[in-house]
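Below are the chains, spelled out letter by letter.
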Amino acid sequence: TQSDAVFEKIEALCGPDIARMHVGGIDEARASLGAVQPELILTDLRLPDGDAFDILEDAVHHRAPLAILHANAKDDAEVNQAIHAGALDTIDINTLSPSGWTHLLARAASSRKLLQRAQESAIAMREKEEFNFALFQHHPAAMVVVDNGGRVVKSNLAMRDLSKKLPALGKPLYDPTT
């Protein structure tokens with residue numbers, strides 16, 4: 001079948017140094033994503049139990065680059081839709097060459113590194129925000145944070161210990177009518 005020929009071509013391009021996993025459908029692919037962290041996911045645009053879009057959302061969630069294989073030009077609209085939805089690339093299997101394969105693997109590796117750096121930056125930012133909030137929360141001076149409209153956003157523990165009643169979150173700190 002055509003899918004067997006495609007799989008054989010991919011196997012030949014991978015060579016012995018690249019670990020591969022073949023799954024039979026969307027449910028099996030989703031289960032695999034929960035168990036392994038693939039460097040690259042290759043999927044056909046059309047699958048026996050759905051299409052590549054069913055896997056794409058899970059791949060984006062698991063931060064796994066996904067490339068979509070397609071075999072004919074009538075798929076162009078769906079291929080463009082896949083790129084906009086987060087696919088790393090689309091590959092016309094009829095024209096896939098060893099140099100094209102190498103380029104795809106390099107892009108997948110680069111994408112993984114960028115995603116990993118973004119994830120590390122997000123963790124570092126969250127840690128800094130938690131630290132700064134702890135400094136604010138436990139500062140001995142009474143402090144209130146208000147938004148541009150003068151509404152209370154948050155206050156620290158020292159402010160809450162004061163005898164003066166603080167307006168509820170989202171309420172104005174000062175009543176302009178008094």
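You'll find the structure just up there.
Residues numbered from 1 in each chain as written. Predicted model: local features only at pLDDT ≥ 70, side-chain atom pairs only at ≥ 80, totals over all residues. Heavy atoms only, no water.

K.L.:
Just checking my understanding: could you explain the overall build of the protein chain for this structure?
P.N.:
When you go through the protein chain residue by residue, the secondary structure sums to six helices and seven strands. Taken from N to C terminus, the helices and strands of the protein chain fall in the order α-α-β-β-β-α-β-α-β-α-β-β-α. The buried share among the 178 residues of the protein chain stands at 27%. The long-range fraction of contacts in the protein chain, counting pairs at least 24 apart against all pairs at least 6 apart in sequence, stands at 45%. (Helix = DSSP H or I, 4+ residues; strand = E, 2+ residues; numbered from the N terminus. Buried < 20%, exposed > 50% of the residue type's maximum accessible area, 1.4 Å probe, protein only. Contact = heavy atoms within 4.5 Å.)

K.L.:
Teacher, can you tell me more about the packing of aromatic side chains here?
P.N.:
Any two aromatic rings considered together are summarised by their centre-to-centre distance and by the angle between their planes. Under the definition given, this model contains one aromatic pair. Between the aromatic rings of phenylalanine 133 and phenylalanine 136, the centroid separation amounts to 6.2 Å while the plane-to-plane angle is 40°, which identifies the pairing as tilted. Of this pair, phenylalanine 133 and phenylalanine 136 both sit in helix H5 (residues 98-138), separated by three residues, roughly a single helical turn. Phenylalanine 133 sits in the partly exposed class, given a relative accessible area of 37%. With a relative accessible area of 14%, phenylalanine 136 lands in the buried category. One Lys or Arg, lysine 154, reaches over the ring of phenylalanine 136 and ends 5.5 Å from the middle of that ring. (Phe/Tyr/Trp six-rings, centres within 6.5 Å; stacked < 30°, edge-to-face > 60°. Lys NZ or Arg CZ within 6 Å of the ring centre and 35° of its normal.)

K.L.:
I tried to follow the pattern of salt bridges on my own but got confused; where do I start?
P.N.:
In the structure shown here, the tally under the stated rule is one salt bridge. Here aspartate 147 ties to arginine 151 by a salt bridge, and the two come within 3.2 Å at their closest N and O atoms. Classification of arginine 151 by relative accessible area gives partly exposed; the value is 37%. (Salt bridge = Lys/Arg side-chain N within 4 Å of Asp/Glu carboxyl O.)

K.L.:
What is the right way to read the environment of leucine 56 from this model?
P.N.:
Locating leucine 56 in the fold gives a position in helix H3 (residues 52-61). Here the alpha-carbon distance between leucine 56 and leucine 88, two residues 32 residues apart in the chain, equals 10.0 Å.

K.L.:
Explain the packing of H3 against helix H4 (residues 76-85) to me, please; I cannot follow it from the model alone.
P.N.:
When two helices pack together, their arrangement is given by the angle between the helix axes and by the axis-to-axis distance. The contact between H3 and H4 brings their axes to 10 Å, and the two run at 15°. One element, H3, and the other, H4, form an angle in the roughly parallel class. Viewed along their axes, H3 and H4 form a crossing whose handedness is right-handed. Only Glu78, Gln81, Ala82 and Ala85 of H4 make contact with H3, whose side of the interface consists of Phe53, Leu56 and Val60. A per-class count over the contact of H3 with H4 returns five nonpolar, one polar and one charged. (Axes fitted to C-alpha atoms, helices over the stretch in contact; angles between N-to-C directions. Parallel < 35°, antiparallel > 145°, perpendicular 65-115°, else oblique. Left-handed = near helix turned anticlockwise from the far one by under 90°. Nonpolar A, V, L, I, M, F, W, Y, C, P; charged D, E, K, R; others polar.)

K.L.:
What should I look at first to understand helix H2 (residues 26-35) in this one?
P.N.:
An α-helix turns once every 3.6 residues. As a result, residues three or four positions apart point the same way. Listed as buried for H2 are Ile26, Ala29, Ser32 and Leu33. Taken end-on, H2 shows its buried residues confined to a sector of 120°, consistent with a single buried face. In H2, those exposed residues whose orientation departs by more than 90 degrees from the buried face are Asp27, Ala31, Gly34 and Ala35. Structurally, H2 contributes buried residues whose contacts are with strand E1 (41-44), strand E2 (46-47), strand E3 (50-51) and H3. (Arc of directions from axis to C-beta.)

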